[in-house]
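What follows is the residue order along each chain.
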Amino acid sequence: MAETHVLFVEDDDVIREATQLALERDGFVVTAMPDGLRGLEAFRANRPDIALLDVMVPGLDGVSLCRRIRDESTVPVIMLSARADSIDVVLGLEAGADDYVTKPFDGAVLVARIRAVLRRFGHAGGRAGDAARGGQDQPSGELTFGDLEIDTDGMEVRRAGEPVALTPTEMRLLLEFSSAPGTVLSRDKLLERVWDYGWGGDTRVVDVHVQRLRTKIGQDRIETVRGFGYKLKA
């Protein structure tokens, strides 16, 4: 099996070196950079399997770096933030990050989150199509909801005949909704199915990704059911 290459951007020398050693002990190949500009250069040169970006790094901050990466690639991105309640967490998710981890973090927790993201993206022994479909039974073939068309076999989405570019996480989210149109899915259920959380997670991850998905497939296509969750309009 091919080794998993991690890009790690962190300006704190102690955290960067300790985390790199911990990840390498778990079998990852790590490219560690102290600032965002060198992180962007390393991303373009190495095309890693996943990027870990600290929010507050010099040169090019983590949120801006995430945007630059997302402009060029759908590679999974995990943001690292020193504050769980920081607006930076939401900004990072809005920039296209797939998940975030709060510092200080336990090395084992970080590795578990990395592996969870990689499973969703088809790494670590999976296939990209299977990972995007998620762990639940999904309908196959062509699905149509108004002007929205979803090809679940080709993993393609079109709106009014035009292709819609979704990240793998956004695709998984849409497939969960399309598997049960008109059914309310709670945030906790979406965290479990899409983000592979076997434990309680921050529902802001769901809310931000739903909003990102809405901007791409239509603001009124996914309905908020207050106090319960979201549903796809059939």
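In case you missed it, the structure is sitting above this.
Quick caveat: nothing in here was measured; it's all calculated off a predicted structure. (Residues numbered from 1 in each chain as written. Predicted model: local features only at pLDDT ≥ 70, side-chain atom pairs only at ≥ 80, totals over all residues. Heavy atoms only, no water.)

**Q** Give a description of the overall build of the chain that names residues and reports values.
**A** Looking only at helices and strands, the chain has nine helices and 11 strands in total. For the chain, restricting intrachain contacts to residue pairs at least 6 apart in sequence, the fraction spanning at least 24 positions comes to 58%. (Helix = DSSP H or I, 4+ residues; strand = E, 2+ residues; numbered from the N terminus. Contact = heavy atoms within 4.5 Å.)

**Q** How would you explain the packing of helix α7 (residues 168-178) against helix α9 (residues 204-217) if you had to name every residue and give the values?
**A** Relative to each other, α7 and α9 sit at 85 degrees, their axes nearing to 10 Å. Here α7 is positioned roughly perpendicular relative to α9, judged by the angle of their axes. Across the interface between the two elements, T169, E170, L173, L174 and F177 of α7 pack against H209, V210, R212, L213, K216 and I217 of α9. Split by residue class, the contact of α7 with α9 holds six nonpolar, two polar and three charged. (Axes fitted to C-alpha atoms, helices over the stretch in contact; angles between N-to-C directions. Parallel < 35°, antiparallel > 145°, perpendicular 65-115°, else oblique. Nonpolar A, V, L, I, M, F, W, Y, C, P; charged D, E, K, R; others polar.)

**Q** Mind laying out helix α3 (residues 62-72), listing which residues take part and the relevant values?
**A** For α3, the full list of buried residues reads G62, V63, L65, C66, I69 and R70. Viewed along the axis of α3, the buried residues span an arc of 155 degrees, placing them on a single side of the element. Against the buried residues of α3 lie β1 (5-9), α2 (36-46), β3 (50-54), β4 (77-81) and α4 (87-94). A distance of 3.0 Å separates the backbone nitrogen of V63 from a side-chain oxygen at the start of α3, and that oxygen is part of D61. (Buried < 20%, exposed > 50% of the residue type's maximum accessible area, 1.4 Å probe, protein only. Arc of directions from axis to C-beta. Polar contact = N/O pair within 3.5 Å; in protein donor to acceptor, adjacent residues only side chain to side chain.)

**Q** Run through the packing of α4 against α9, naming residues and quoting values.
**A** The packing of two helices is summarised by the inter-axis angle and the distance between the axes. The N-to-C vectors of α4 and α9 enclose an angle of 40 degrees; their axes lie 9 Å apart at closest approach. With respect to the hand of their crossing, α4 and α9 are arranged in right-handed fashion. For the pair formed by α4 and α9, the contact residues are V89, V90, L93 and E94 on the first element and R204, V205, V208, H209 and R212 on the second. In the contact of α4 with α9, the residues fall into five nonpolar, one polar and three charged. (Left-handed = near helix turned anticlockwise from the far one by under 90°.)

**Q** Please provide a residue-by-residue account of the sheet that holds strand β8 (residues 156-159), values included.
**A** Strand order in the open sheet made by the four strands is β6-β7-β8-β9, with antiparallel pairing throughout. Two strands in the sheet have a free side with no partner beyond their single neighbour: β6 (142-145) and β9 (162-164). The average undirected angle you get between the axes of adjacent strands in this sheet is 25 degrees. In the packing of α7 onto the sheet, contacts are made with β6, β7 (148-151) and β8, and the angle to β7 comes to roughly 105 degrees. (Pairing = 2+ DSSP bridges.)

**Q** A description of the sheet that holds strand β2 (residues 29-33) should follow, citing residues and the corresponding values.
**A** Read from one edge to the other, the open sheet built from five strands follows the order β2-β1-β3-β4-β5, with strand pairing classed as parallel. Looking at which strands have only one partner, the edges of the open sheet turn out to be β2 and β5 (99-102). Adjacent strand axes in the sheet meet at a mean angle of 20 degrees when their direction is disregarded. Across four bridges, the pairing between β3 and β4 is parallel.

**Q** Lay out the side chain of T19 with the relevant residues and their values.
**A** Mapped onto the elements of the fold, T19 is located in helix α1 (residues 13-25). In this structure T19 comes out as buried when scored by relative accessible area, which is 8%. From its side chain, T19 meets the backbone oxygen of I15 in a polar contact 2.8 Å long. In this view, T19 contacts F8, F105 and L110; residues no more than four positions away in its chain are not counted.

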